[in-house]
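Letter by letter, the chains look like this.
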Amino acid sequence: MASLNLAVFIIVSLAVLIAIGTIIESRLDAQAAAKYVYKTFWMYSLMVLLSVNLISVMVDRWPWQKRHTPFVLAHIGILILLFGGFLTMQFGLDGTMRLGIGEKSKLVTVPETELQIWSSFDGDRYTKLMSQDVDFFKNSPKDNPIQLDVSFDGNAVDSAKPGSAQPAVKSENANSKFLEINDYQPYVLASRRVVVGVSPKLGIGVRFQIQNERVNLNDWLLQAKKDQSVTQNFGPAKLTVGVIPTKPTGENEIYLERLDDTQLRYAVFNRDPLKKTLKGILKEGDQFNTGWMGLQFRLLRYMPLAEEKYDFKQVERPTPMTTSVIKMVLTDIKDGQPEKKEYWLQLNDVIKVFTNNAVYLVTYGNRRVDLGFDIELKKFEVGRYQGTMRAASYQSL
């Protein structure tokens, strides 16, 4: 255990593993390298073998002389580094926290992912059916689908372990619901589209254009739920889809409210109290002058029931625009007859699944850890290269 041959073997093996990890990290990302190389049985075994080799070499020199001091201290230093790495791996917290100036938070987002399912009869009060940590990168549901009984009776449900091929304990009820996760794509490009919804609980969707000589904004605005307001701030004014207030808001603001399946009411409030409120009826293709900086508002598309859908294109390597997705299949058994619906859910997103007697919320995202204390960003400064707007340094308090 103290031989030079073993030391050379360990060092060469570590060099090979680190080279493989470096190549994987350059082609994919740091998380992939960690899961494929750095946090594997082989790397841990080499670290243990290296520790044994270092200790054996020191024991082999016993009893130590004064001339052995540099030799012993060097080996002890390496052992301390290895032990510190082990402590960090077991008990350290490595995550991300996003803060604006003056904001505070106690939640850290970590790379580990979790899956949660909530259910509701009325769409307002939700009961958590299950929550469990998952690692689809290492345990792909393509090979081992996860099956869950999500029949909602007010109680938590049984679920399969992540990566297990064993299904959940199934209900004997003739009207049952089962959710299966059977596909995972680690790197995809997502493109958003808005489609006509079918659930009466959905809100309206409008595609609008606001433009003048210098501005041209074209976007969708959707109500997540019926009678729930949603607002988009586009600088000089706000656009809100919801109930029009009876009095001016004191800001430059456009309100759109459902009138029927083909028309909307609109109201334009001005920050200047001397200007009158503009009101009228809109249908697709209509436009009006907002009265602010020559901005024209045009209604390009109106859907009385609308929901978001995403299309995903699989790619080989991650980019700042890629995300991961899982595929879910909900089987709704009614009087012994199964009805299946497929859904794709991307990382750090939530999807609503509507059935005849319940609404399900499914979330898949990075786990958040409560620190137990607040961190507040009081000050943030960006240093610039002289004569340019390029960032040279960052400083925060």
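Residues numbered from 1 in each chain as written. Predicted model: local features only at pLDDT ≥ 70, side-chain atom pairs only at ≥ 80, totals over all residues. Heavy atoms only, no water.

## With respect to empty space enclosed by the protein
Using the following cut-off: In this analysis a 1.4 Å probe is tested at points of a 1 Å grid over the protein atoms alone, and where it fits but cannot get out there is a cavity; an open set with protein on both sides within 12 Å along at least five of seven lines is a pocket; lining residues have an atom within 4 Å of a point. Grid points are joined across faces, edges and corners, and a volume is the space filled by probe spheres set on the points. Residue classes follow a fixed rule: Ala, Val, Leu, Ile, Met, Phe, Trp, Tyr, Cys and Pro count as nonpolar, while Asp, Glu, Lys and Arg count as charged, and any other residue, Gly among them, counts as polar.
Tallied over the entire structure, the rule returns three cavities of 30 Å³ or more. Taken together, I117, V150, L179, L330, V353, Y360 and V362 form the lining of the largest cavity. Residues of the lining of the largest cavity, tallied by class, amount to seven nonpolar, no polar and no charged.

## A closer look at the pattern of salt bridges
Stated formally: Throughout this description, the term salt bridge denotes a Lys or Arg side-chain nitrogen within 4 Å of a carboxyl oxygen of Asp or Glu. Working definition: with a 1.4 Å probe on protein chains only, accessible area under 20% of the residue-type maximum means buried, over 50% means exposed, and in between means partly exposed. Every helix listed is a DSSP run of H or I at least four residues long, and every strand listed is a run of E at least two residues long, numbered separately from the N terminus.
A full pass over the atoms with the stated rule returns 13 salt bridges. R61 serves as the salt-bridge partner of D60, at 3.8 Å between the closest nitrogen and oxygen. For R61, a relative accessible area of 36% corresponds to the partly exposed category. Here E342 makes a salt bridge to K327, at a shortest N to O gap of 3.6 Å. Of this pair, E342 sits in strand β16 (residues 337-346) while K327 is found in strand β15 (residues 322-334), placing the two residues 15 residues apart along the sequence. Among the residues examined, E342 registers a relative accessible area of 55% and is labelled exposed. Connected through shared salt-bridge partners, R192, D219 and E308 make up one network.

## Notes on the packing of aromatic side chains
Under the convention used in this document: To pair, rings of Phe, Tyr and Trp, with the six-membered ring standing in for Trp, must have centres within 6.5 Å; the planes then decide the type, stacked if under 30 degrees apart, edge-to-face if over 60, and tilted in the middle.
If you walk through the whole model with that rule in mind, you get eleven aromatic pairs. Relative to F297, the ring of F288 has its centre 5.1 Å away and its plane inclined at 25 degrees; by these criteria the two rings are stacked. In this structure, F288 and F297 share a single accessibility class: buried. Measuring from ring centre to ring centre gives 6.2 Å for F380 and Y394, while their planes differ by 15 degrees; the resulting arrangement is stacked. Of the two residues, F380 sits in strand β19 (residues 380-384) while Y394 sits in strand β20 (residues 391-396), which places them 14 residues apart along the sequence. On the accessibility criterion, Y394 (59% relative accessible area) is exposed.

What is shown is where atoms sit, not what they do.
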